[in-house]
Amino acid sequence: MATRWGICGAGKISHDFTVALKTLPAEHHEVVAVAARKLEDAQEFAKKHSIPRAYGGYEELARDPDIDVVYIGVIHPYHLKTCLLFTNAKKNVLCEKPLAMNSREVQEILASAKRNDVFLMEAIWTRFFPVSVEIRRLLAQGELGEAKMVRSEFGLPLAHVPRTVQKELGGGAVLDVGVYCLQFILMVYNGEKPECVQATGICRETGVDETVVVTLKFSKNRMAVFTCSSGIKLPNDAIVVGTKGTIQVPDHMWCPTSLVVNGKETQYPVPEPYLPLNFLNSTGMRYEAEEVRQSLLKGLKESSVMSHADSLLLAEVEDEIRRQVGVSYSQDCH
Ligand SMILES: NC(=O)c1ccc[n+]([C@@H]2O[C@H](COP(=O)([O-])OP(=O)(O)OC[C@H]3O[C@@H](n4cnc5c(N)ncnc54)[C@H](OP(=O)(O)O)[C@@H]3O)[C@@H](O)[C@H]2O)c1
């Protein structure tokens, strides 16, 4: 039986996610409803993607009994409220990154998912790409020896995108793009909490971080460094250096289609979309969608690849980075 998806929010990433779902077999994934704040937006989205039901309000989607899982594609200041709406309605949830504005909100979301006994995952899609699966395999099998240094970068000029610039829309490079660098580092070091985090950065006039450099020290003299920016395009690669070898994601490390292992490159292309996409390689969201399906089929409440503990650690380190750089949101004041 197909996993029946409901889409919350009719914006850019929801469009791309819906296109990605259609690259998977229809007997496995079906989009049955979409909700937007305005009914006409939901109706337009439904028409474009041939979705049977359109709702003008997220509550109606929460009341729909014929949905297995809701994909939350609204901007992050609204993740807490929408996650709670759906978890309290006993709906499984895949929520866009960052899961929330800070670790306090993340804890609230995770507690609600547990209390309501539903599946919940932060949509860190990168972790489910074949490139990431291969990186974890190489690390687990010791093919690099012991990983000692990780470096990652994600920077794009995004000043024209209001949600990355304006504080009340959740602006800031750490939450928008730095999350990808940090999740990569934490994946390589198996979800271990860093012993030391040092961050420095520059902020926009709006009070959100524009470019941030972070160094992290882990146990057993293992190190990492990442740079994120919403002001400039960076090389956007990622490197893991081990005692016996090196792996490199040569570009667009958040949606990787190529992996270089000790100098030898292998390509892992994503499928073509049936409609134009808003973001690069978005059909690669199919891999996280399939992880959700497999988890639901097994009756799991979280993914072992992107667990609740992983989301909490990400948020805690992001909080610390923002504290050092001097960025706080209204949500931090509760
Ligand atoms: N995985 C990825 O590669 C990726 C890429 C881009 C973004 N994202 C994440 O996805 C989320 C959405 O990003 P996006 O680029 O799709 O954003 P977007 O198109 O600007 O907005 C998405 C939706 O958020 C709601 N929204 C927007 N502004 C709002 C406001 N002022 N008040 C209340 N609701 C508002 C709207 O929902 P309605 O349609 O219901 O009105 C809108 O359609 C963000 O959290 C972002 O971090 C992930």
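Draft legend 1. A look at the pattern of salt bridges. This model, assessed by the stated rule, comprises 18 salt bridges. Ionic pairing is found between arginine 104 and glutamate 108, a salt bridge with its closest N-O pair at 3.5 Å. Separated by four residues within a single helix, arginine 104 and glutamate 108 lie in helix H5 (residues 103-115), roughly one turn from each other. Among the salt bridges present, the one from glutamate 153 reaches arginine 151, with a minimum N-O distance of 3.5 Å. Taking the relative accessible area as the measure of exposure, glutamate 153 reaches 13% and is therefore buried. Among the residues examined, arginine 151 registers a relative accessible area of 26% and is labelled partly exposed. Here the salt bridges do not stand alone but share partners, grouping Arg4, Asp66 and Asp68 into one network.

Draft legend 2. Structural detail: the domain arrangement of the chain. Domain boundaries in the chain define domain 1 (3-125) and domain 2 (130-269 + 307-328). Computed from C-alpha coordinates alone, the two centres of domain 1 and domain 2 are separated by 26 Å. On the side of domain 2, 19 residues touch domain 1, which itself brings 18 residues to the contact. Each partner contributes to the roughly 1700 Å² buried at the junction of domain 1 and domain 2, and carbon and sulfur atoms together form 63% of this total. By the criterion of area lost to domain 2, the three top residues of domain 1 are Lys97, Ile124 and Trp125, representing 27% of everything that side buries. Viewed at the interface, domain 2 and domain 1 are joined by one salt bridge. Note that lysine 97 is salt-bridged to aspartate 176, the shortest N-O span being 3.3 Å.

Rules used in this analysis
Residues numbered from 1 in each chain as written. Predicted model: local features only at pLDDT ≥ 70, side-chain atom pairs only at ≥ 80, totals over all residues. Heavy atoms only, no water. Salt bridge = Lys/Arg side-chain N within 4 Å of Asp/Glu carboxyl O. Helix = DSSP H or I, 4+ residues; strand = E, 2+ residues; numbered from the N terminus. Buried < 20%, exposed > 50% of the residue type's maximum accessible area, 1.4 Å probe, protein only. Domains from an automatic or database assignment. Contact = heavy atoms within 4.5 Å. Buried area = accessible area lost by both parts, 1.4 Å probe.

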